[in-house]
There are 2 protein chains.
Amino acid sequence: MERLHFEDELKTLKQRLLNMGALVEERVHRAVLALMERRPELAEEVIAADQEINDLQIEIDDRALKLLALQAPMATDLRLITSAMKINADLERIGDQAVNIAQNAVKLLNHPPIKPIIDIPRMAEAAQDMTRDALDSFVKKDVEMARGVLKRDDEVDALKDAVFRVLLTYMMADPATIERAIGLILVSRNLERIADHATNIAEDVIFLVEGKDVRHHHMEPA
Amino acid sequence: MERLHFEDELKTLKQRLLNMGALVEERVHRAVLALMERRPELAEEVIAADQEINDLQIEIDDRALKLLALQAPMATDLRLITSAMKINADLERIGDQAVNIAQNAVKLLNHPPIKPIIDIPRMAEAAQDMTRDALDSFVKKDVEMARGVLKRDDEVDALKDAVFRVLLTYMMADPATIERAIGLILVSRNLERIADHATNIAEDVIFLVEGKDVRHHHMEPA
């Protein structure tokens, strides 16, 4: 494969990764919307459509392997491609979390709501923003943007703790709410895990960009 | 790098991955032990020692990249090495879960116990076995063993549901137990995530072995 073709294929790989990111972000959005607007059919849609994400993950993995196989890549390309494979795995797991939220939503929607559903929408928004920014920072190799994602992770953790405390009060006051409150706590943990995956991606980006020279030194032929 | 040297380096990579596996497995064991035997100092040890696991992850990642860079590997070696990188990431996250269990243990040990601590030790044992078997199945390329890991994941899910139901009953009966019960539910979720990571590894192994021919076909030079 000539260099030009290689560059084209690398560009396609990044583009597909962006598609994957947009897809999982949309699934998270819909899963939380299903919960907030009490639309179980929307939650079922999210659950049913997971295969699409799995298929896209395999396609992206294939593209990355093909690039590694067809050309002995330079050290920087090498790390870019293996990073893309890791990011791909994180995105797929964000998709899994969207399915988990949808499953929790289906169960929760069998019961009357506990109102208000507190900071869960804010957590969801932050987790989606983090996913988008982490992926953008990869494509643009923008370390500052990646660092912004790490900062927002603390915000999500604080929201998660706040959600927990409020729901704990509800449960203490009225044990009839326990099962529903725990369902909401689990949703907040799903969102926390999404933020964790976005954080993993951002950390990969920082390492990719700033660890480059160090790594390059390690990879000089012995 | 000559082929023989390459084989040696590949063997070292596998060996280090086994070391990593043994290390994280021990951390899970200790974190759960700290909870069961009410030893907060042991939990603090697990929390403090996390850097060792992170360092080992970086070392293994480095070795894998070096192998990819120094020799344009054959298609089968290529997938083996990229699988090792993915497995490495899963092991590191199992280590993170051990830290989370230890953190939950520290909090729980501030309060008198809820007895009995039900099926959590059984869940822990299953999750550790799955981690060990998943890694063994990688080194031995043993698909049957990998499939065994997938089966045990259902067992862990069933135990998790059982833990949840019992703790829900406790909470309903006595709201004073709510905070501690939720702490234990979170530990059971940590163990579930460890089992999930072991499952990811086992799935990688199955794909590595059975998807080989298909993948090889894809990677013929265009």
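Structure: see above.
Reading guide: rules and limits
Residues numbered from 1 in each chain as written. Chains lettered and ligands numbered in written order. Predicted model: local features only at pLDDT ≥ 70, side-chain atom pairs only at ≥ 80, totals over all residues. Helix = DSSP H or I, 4+ residues; strand = E, 2+ residues; numbered from the N terminus. Buried ≥ 20, exposed ≤ 12 C-beta atoms within 10 Å, placed from the backbone. Contact = placed C-beta atoms within 7 Å. Core = buried A, V, L, I, M, F, W, Y, C linked by C-beta atoms within 7 Å. Axes fitted to C-alpha atoms, helices over the stretch in contact; angles between N-to-C directions. Left-handed = near helix turned anticlockwise from the far one by under 90°. Nonpolar A, V, L, I, M, F, W, Y, C, P; charged D, E, K, R; others polar.

Chemist: Before we move on, can you summarise the overall build of chain A with the specific residues and values?
Modeler: Scanning chain A for helices and strands turns up eight helices and zero strands. Listed by position from the N terminus, the elements making up chain A come as α-α-α-α-α-α-α-α. C-alpha extents for chain A along the principal axes are approximately 65 × 35 × 25 Å. Looking at chain A residue by residue over its 222 residues, the buried ones come to 44%. Here the analysis covers contacts within chain A between residues at least 6 apart in sequence; of these, 83% occur between residues at least 24 apart.

Chemist: An account of the nonpolar core is needed here, citing residue identities and associated values.
Modeler: Formed by 128 residues in total, the largest nonpolar core has its most connected members in A:Ala31, A:Ala127, A:Ala134, B:Ala31 and B:Ala127. Setting aside chain neighbours within four positions, we find A:Ala31 in contact with A:Ala43, A:Val46, A:Ala98, A:Ile101, A:Ala102 and A:Ala105.

Chemist: Which residues make up unusual backbone geometry, and what values go with them?
Modeler: The backbone of A:Lys141 sits at a positive phi, close to 50 degrees, despite the residue not being glycine. Structurally, A:Lys141 can be placed in the loop between helix H5 (120-140) and helix H6 (143-173). The phi dihedral of B:Arg38 falls on the positive side, at around 55 degrees, and the residue is not glycine. Here B:Arg38 falls in the partly exposed class, since 14 other C-beta atoms lie within 10 Å of it.

Chemist: Explain the environment of B:Leu35 to me, and be specific about the residues and the numbers.
Modeler: Residues and elements named next belong to chain B. Secondary-structure assignment places Leu35 in helix H1 (residues 3-36). Leu35 sits in the buried class, given 27 other C-beta atoms within 10 Å. Separated by 23 residues in the primary sequence, Leu35 and Thr12 have C-alpha atoms spaced 35 Å apart. Beyond its immediate sequence surroundings of up to four residues, Leu35 is in contact with Ile101, Ala105, Leu108 and Val187.

Chemist: Can you explain the packing of helix H2 (residues 40-48) of chain A against helix H4 (residues 75-108) of chain A? Please cite residues and give values.
Modeler: When two helices pack together, their arrangement is given by the angle between the helix axes and the distance between those axes. Residue and element names in this part refer to chain A. Their axes nearest at 8 Å, the elements H2 and H4 cross at an angle of 150 degrees. As for the relative orientation of H2 and H4, their crossing is left-handed in sense. Here H2 contributes Pro40, Ala43, Glu44, Val46 and Ile47 to the contact with H4, which in turn contributes Ala98, Val99, Ala102, Gln103, Ala105 and Val106. Among the residues forming the contact of H2 with H4, the class breakdown is nine nonpolar, one polar and one charged.

Note that every value here comes from positions in space, so none of it alone points to a role or purpose.
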